[in-house]
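This is what each chain is made of:
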Amino acid sequence: MSTDTKMPRQLAARMDAELAANVAELAPTGLSYSEIVKRSVALFATVYRVAVQNGVAKPEEIPTLTAYRYQLPPLPQPPRTGQIQLPRPRLNLSKEN
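Quantities reported herein were computed from a predicted structural model and do not represent experimental measurements. (Residues numbered from 1 in each chain as written. Predicted model: local features only at pLDDT ≥ 70, side-chain atom pairs only at ≥ 80, totals over all residues. Heavy atoms only, no water.)

This part is about the packing of aromatic side chains. Summed over all chains, the structure comprises one aromatic pair. Between tyrosine 68 and tyrosine 70 the ring centres are 6.2 Å apart and the planes differ by 20 degrees, which places this aromatic pair in the stacked class. Taken individually, tyrosine 68 and tyrosine 70 each receive the classification exposed, so the pair is uniform in this respect. (Phe/Tyr/Trp six-rings, centres within 6.5 Å; stacked < 30°, edge-to-face > 60°. Buried < 20%, exposed > 50% of the residue type's maximum accessible area, 1.4 Å probe, protein only.)

Next comes the structure, spelled out in C-alpha cells:
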C-alpha cells in the first residue's frame, strides 16, 4: 500500500439519514465506526478495481454490483472430550411386524 503525502490523515463525511442507517445496520458486527468505514471503502475499492481490470467498467465509471457470493466463518465446533456416548437404537422384536 503506498502512502501519498497529499492524502489527508483523516477523512470526514456528513452523517445524513442514509449513512446513519447503513452504519446502524452494521453495528451488530461489533466493529467501530472507523472500522465500518474502512471496510466499506475497501469493499467498494475491490468492486471498482475488479470491474475496471476485467473491462466491465471504464476507470471513470462507477460499476454496479449485481451479484454476491458469501464465505461465512466456520461454525464453532463442540468441545472434544475423547469419548462420546451415542444413543442406542431401540429394536422392535415383536412378531407383529
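This part covers helix α2 (residues 33-53). Compared with the 30 Å implied by 1.5 Å per residue over 21 residues, the 30 Å span of α2 between its first and last C-alpha is a close match. Among all positions in α2, only Ile36, Val47 and Ala51 are buried. Buried residues of α2 fall within an arc of 30 degrees about the axis and therefore sit on the same side. Facing away from the buried side of α2 by more than 90 degrees, the exposed set consists of Lys38, Val41 and Gln53. Against the buried residues of α2 lie α1 (17-26). Following α2 by one or two positions, glycine 55 has its phi on the positive side, about 75 degrees. (Helix = DSSP H or I, 4+ residues; strand = E, 2+ residues; numbered from the N terminus. Expected span 1.5 Å × (residues − 1). Arc of directions from axis to C-beta. Contact = heavy atoms within 4.5 Å.)

Attention now goes to the pattern of salt bridges. Close approach of charged atoms lets side chains of opposite charge pair. This model, assessed by the stated rule, comprises one salt bridge. In this structure, arginine 39 engages glutamate 35 in a salt bridge whose closest nitrogen and oxygen atoms are separated by 3.2 Å. With arginine 39 and glutamate 35 both in helix α2, this residue pair falls four residues apart, about one helical turn. Overall, arginine 39 belongs to the exposed group, its relative accessible area being 52%. For glutamate 35, a relative accessible area of 28% gives the class partly exposed. (Salt bridge = Lys/Arg side-chain N within 4 Å of Asp/Glu carboxyl O.)

Next up on the list: a nonpolar patch on the surface. There is a patch of nonpolar side chains on the surface, built from Leu65, Tyr68, Tyr70 and Leu72 and spanning about 560 Å² of accessible area. Within the fold, leucine 65 resides in the segment after α2. Overall, leucine 65 belongs to the partly exposed group, its relative accessible area being 43%. (Patch = residues over 30% accessible without salt bridge, like charges linked within 9 Å, V, L, I, M, F, W, Y side chains within 5 Å. Areas by Shrake-Rupley, 256 points an atom, 1.4 Å probe, with all protein chains shown as cover.)

Its place among the elements puts leucine 31 in the loop between α1 and α2. With residues near it in sequence (within four places) discarded, leucine 31 still touches Ile36 and Arg39.

Below, the discussion takes up the environment of isoleucine 36. The topology assignment puts isoleucine 36 in helix α2. Taking the C-alpha atoms as reference, isoleucine 36 lies 7.2 Å from valine 23; in sequence the two are 13 residues apart. Once residues within four sequence positions are removed from consideration, isoleucine 36 is found in contact with Val23, Leu26, Ala27 and Leu31.

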